[in-house]
Amino acid sequence: MHFEYILHCLFIAAVQPEPYDAHPQYNFGYSVSDPTTGDQKSQTETRDGDVVSGQYSLVEPDGAVRTVTYTADPINGELVLISVVIVFMHGK
């Protein structure tokens, strides 16, 4: 029992809290285009303090492209705009 208590105390002492950032900032993005599976998608996002904005897009199985653009901030809350572009091809 004494041995378990010592290990527990050492574990707690090794954990340190994350530093606080009053104005967090980041940018990230990625894209995938896999010709084998047909998977096509992308995303970008930016944060500047309490404001987060971004966009992601993907190609649906039927070929339509869905794009979601979003923003979140403490004044307006979360705003999302979704658009879908459908391509019609006229056959011969």
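Presented here is an overview of the structure given in this document. (Residues numbered from 1 in each chain as written. Predicted model: local features only at pLDDT ≥ 70, side-chain atom pairs only at ≥ 80, totals over all residues. Heavy atoms only, no water.)

1. A closer look at the side chain of E45
Test applied: Strands are runs of DSSP state E lasting at least 2 residues, helices are runs of H or I lasting at least 4, and numbering of each runs from the N terminus. With a 1.4 Å probe rolled over the protein chains alone, any residue whose accessible area is under 20% of its type maximum counts as buried; one over 50% counts as exposed, and the rest are partly exposed. This count recognises Lys and Arg as positive and Asp and Glu as negative, with His and chain-terminal groups excluded. What makes a salt bridge here is a side-chain nitrogen of Lys or Arg within 4 Å of a carboxyl oxygen of Asp or Glu, nothing more. Polar contacts, as counted here, are pairs of nitrogen or oxygen atoms within 3.5 Å of one another; within protein the pair requires one atom able to donate a hydrogen and one able to accept it, and residues that are adjacent in sequence qualify only if both atoms are side-chain atoms. Contact between two residues is taken to exist if any of their heavy atoms lie within 4.5 Å; hydrogens are not considered.
Position of E45 among the secondary structure elements: in strand β2 (residues 39-48). The charged side chain of E45 is buried without a salt bridge, its nearest counter-charge being R47 at 7.7 Å. Among the polar contacts listed, one links the side chain of E45 to the side chain of Y26, at a separation of 2.4 Å. Aside from chain neighbours lying at most four places away, what touches E45 is Y26, N27, F28, V52, S53, G54 and Y70.

2. Digging into the pattern of salt bridges
A complete count under the given rule lists two salt bridges for this structure. Residue D39 is joined to K41 by a salt bridge in which the shortest nitrogen-to-oxygen separation is 3.3 Å. Among the salt bridges present, the one from E60 reaches R66, with a minimum N-O distance of 2.6 Å. Owing to a relative accessible area of 23%, E60 belongs among the partly exposed residues under this scheme. R66 gets classed as partly exposed once you look at its relative accessible area, which sits at 28%.

3. Brief notes about the pairing of β2
What counts is decided by this rule: Here the rule is simple: two strands pair whenever DSSP picks up at least two bridges between them.
The sheet contact formed by strand β1 (residues 25-34) and β2 spans 10 bridges and is antiparallel. What sits directly across from Y30, in β2, is Q43. Counting the residues in the hairpin turn of β1 and β2 gives four residues, including G38, whose phi is positive at 80 degrees. Bridge count for β2 against strand β3 (residues 51-59) is eight bridges, and the pairing is antiparallel. Each residue of the ladder has a partner; that of E45, found in β3, is G54. Between β2 and the antiparallel strand that follows it, β3, lie two residues; G49 among them carries a positive phi value of about 70 degrees.

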